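For reference, the chains in residue letters:
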Amino acid sequence: MTTDRTTTDDRTTTDDRTTADGPHGRPDRIALTGAAGSLATDVLPGLTDLGYHVVGVDRKPATDTAAAICQDWARCEITDSDALVTAFTGCGAVVHLAGIPLEADWETVSRVNIDGTQAVLEAARRAGVPRVVLASSIHAVGYVGIPADGGTVPDDVPARPNTFYGVSKAAVEALGSLYHDRYGLEVVCLRIASRFARPRDERMLATWLSPADAVRLTDAALRAPGVGFRLVWGVSANSRGYLSHSGGAAIGYTPVDDAERYADTLFAEAGDDPSVLASEEDRRFLGGVFCSEHPPMFEW
Ligand SMILES: NC(=O)c1ccc[n+]([C@@H]2O[C@H](COP(=O)([O-])OP(=O)(O)OC[C@H]3O[C@@H](n4cnc5c(N)ncnc54)[C@H](O)[C@@H]3O)[C@@H](O)[C@H]2O)c1
């Protein structure tokens with residue numbers, strides 16, 4: 001299931017505010033926040049191979065990868081609206097990845113992830129950018145139970161955060177919804193599960209998003225016509241998966257990779273290390289160990 005307010009709610013339409021200012025229905029020039037980060041480093045080469053011209057935005061200087069790829073670089077705080085408007089002007093879409101990517105204290109998480117996302121959406125509106133792709137997370141719905149019957153969890157399952165971080169991502173989605181309903185911005189929220197080079201533990205055999213699929217997903221979110229407002233799982237085609245692929249299919253995302261190809265190696269390399277095996281929380285909840293009373297914290 002996806003939520004497409006353009007078909008279910010006629011308060012707003014996306015009419016001709018399409019993202020298609022480049023060939024093949026994709027925006028030519030995009031802004032990528034968090035461009036010095038790990039996910040951005042994964043997707044930047046793939047996006048430029050597809051023909052996107054990227055303006056990087058980050059509080060850090062460009063990494064070597066980013067410097068070689070990005071046409072421009074805006075070094076600023078993600079809450080600096082005026083700097084964001086300047087960076088976004090002339091872009092057909094914004095991909096917003098900047099943020100605190102794990103659990104941290106409330107003040108930091110809310111300032112960077114919630115205030116920062118509001119600043120990004122407001123700057124996109126002011127700069128006339130028609131579409132924003134937001135990095136949400138599985139932890140926005142971390143306390144949702146894993147289906148016991150082999151079923152799948154819908155893309156738009158209601159928020160049930162497991163951390164302050166998860167609350168911030170639920171707020172990211174709510175802000176996207178508001179900017180769609182109030183201003184007609186097209187917004188795709190990617191509920192990214194576990195994006196790593198390889199699955200690192202048993203849980204990730206179900207929740208892994210490969211770097212190549214992250215590129216496919218971002219490309220689909222940028223180029224799908226008339227997306228309205230959507231929540232889409234960011235996950236690969238894992239044999240053990242329990243996250244729906246319907247939302248991805250609706251925007252033209254076809255995952256290719258399957259974590260299962262790493263399963264034998266993962267368990268062989270782990271040997272007697274029990275930390276690789278699924279914990280009780282991993283077996284019960286989408287958010288796994290982050291549903292414990294003391295979730296792993298983000299380390300600067
Ligand atoms: N990696 C995953 O598996 C995963 C899963 C779910 C969601 N996500 C989301 O994807 C996004 C990227 O994650 P990542 O793994 O690349 O994280 P990362 O920490 O590697 O990258 C985040 C980037 O944001 C920048 N940033 C942080 N605070 C900033 C600020 N105040 N102003 C400007 N820039 C700032 C950092 O400098 C960094 O370059 C995050 O929003 C994260 O919550 C990631």
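Thresholds applied
Residues numbered from 1 in each chain as written. Predicted model: local features only at pLDDT ≥ 70, side-chain atom pairs only at ≥ 80, totals over all residues. Heavy atoms only, no water. Helix = DSSP H or I, 4+ residues; strand = E, 2+ residues; numbered from the N terminus. Rg over C-alpha atoms; globule rule 2.2 N^0.38 Å. Buried < 20%, exposed > 50% of the residue type's maximum accessible area, 1.4 Å probe, protein only. Contact = heavy atoms within 4.5 Å. Areas by Shrake-Rupley, 256 points an atom, 1.4 Å probe, with all protein chains shown as cover. Lys, Arg positive; Asp, Glu negative; His and termini not counted. Charge placed at Lys NZ, Arg CZ, Asp CG, Glu CD. Near = heavy atom within 4 Å. Polar contact = N/O pair within 3.5 Å; in protein donor to acceptor, adjacent residues only side chain to side chain. 1 Å grid on protein atoms, 1.4 Å probe; cavity = no way out; pocket = protein on both sides within 12 Å on 5 of 7 lines; lining within 4 Å. Sits in = over half its atoms within 2 Å of the grid points. Arc of directions from axis to C-beta. Pairing = 2+ DSSP bridges. Axes fitted to C-alpha atoms, helices over the stretch in contact; angles between N-to-C directions. Core = buried A, V, L, I, M, F, W, Y, C linked by side-chain atoms within 4.5 Å.

Turning our eyes to something else, we now look at the overall build of the protein. Across its full length, the protein carries 11 helices and 9 strands. Relative to a compact globule of 300 residues, whose C-alpha radius of gyration would be 19 Å, the protein shows 18 Å and is just as compact. When the 300 residues of the protein are sorted by exposure, 56% land in the buried category. In the protein, 72% of the contacts between residues at least 6 apart in sequence involve partners at least 24 apart. When the accessible surface of the protein is split by element, carbon and sulfur atoms take 51% of a total near 12,700 Å². Mean positive and mean negative side-chain charge positions of the protein (27 and 42 charges, respectively) differ by 3 Å.

The subject of this paragraph is the site of the ligand. Near the ligand you find 26 residues, and of these Ser38, Leu39, Asp58, Tyr165 and Arg195 are the closest. A distance of 3.1 Å separates an oxygen atom of the ligand from a polar backbone atom of Gly37. In this structure, a nitrogen atom belonging to the ligand sits 2.9 Å away from a main-chain N or O atom of Ile78. Notes on the ligand: free accessible area 830 Å², of which the protein chains cover 90%. Most atoms of the ligand, that is more than half of them, are within 2 Å of grid points of the largest pocket. The element best represented in the shell around the ligand is strand S5 (residues 131-137), accounting for 3 residues.

What follows deals with helix H10 (residues 263-270). Looking only at H10, the buried set comprises Ala263, Leu266 and Ala270. Here the buried residues of H10 occupy an arc of 65° about the axis, which is enough to place them on one side. Projecting away from the buried face of H10 at angles above 90 degrees are the exposed residues Asp264, Ala268 and Glu269. In this structure, the buried side of H10 is in contact with helix H7 (204-207). Within two residues after H10, Gly271 carries a phi angle of roughly 55°, on the positive side.

In spatial order, the strands read S3-S2-S1-S4-S5-S6-S9; together these 7 strands make up an open sheet with parallel pairing. Because the sheet does not close on itself, it has two edges, and the strands there are strand S3 (72-75) and strand S9 (229-234). Adjacent strand axes in the sheet meet at a mean angle of 20° when their direction is disregarded. In the packing of helix H2 (residues 38-49) onto the sheet, contacts are made with strand S1 (29-33), strand S2 (53-58) and strand S6 (186-192), and the angle to S1 comes to roughly 170°. Strands S1, strand S4 (93-96) and S5 of the sheet are contacted by helix H5 (residues 106-127), whose axis makes an angle of about 175° with S4.

Quick look at the nonpolar core now. Residues Val57, Leu84, Phe88, Val94, Val129 and Val132 are the most contacted members of the largest nonpolar core, which totals 36 residues. Only S2, helix H4 (81-88), H5, S5, helix H6 (164-183), S6 and S9 provide two or more residues apiece to this core. In this view, Leu84 contacts Val57, Cys76, Ile78, Ala119, Val120 and Ala123; residues no more than four positions away in its chain are not counted. Judged by nonpolar contacts, the second largest core, of 31 residues, contains Val43, Ala135, Leu209 and Tyr253.

With respect to the helices and strands, Thr218 occurs in helix H8 (residues 211-223). Thr218 gets classed as buried once you look at its relative accessible area, which sits at 8%.

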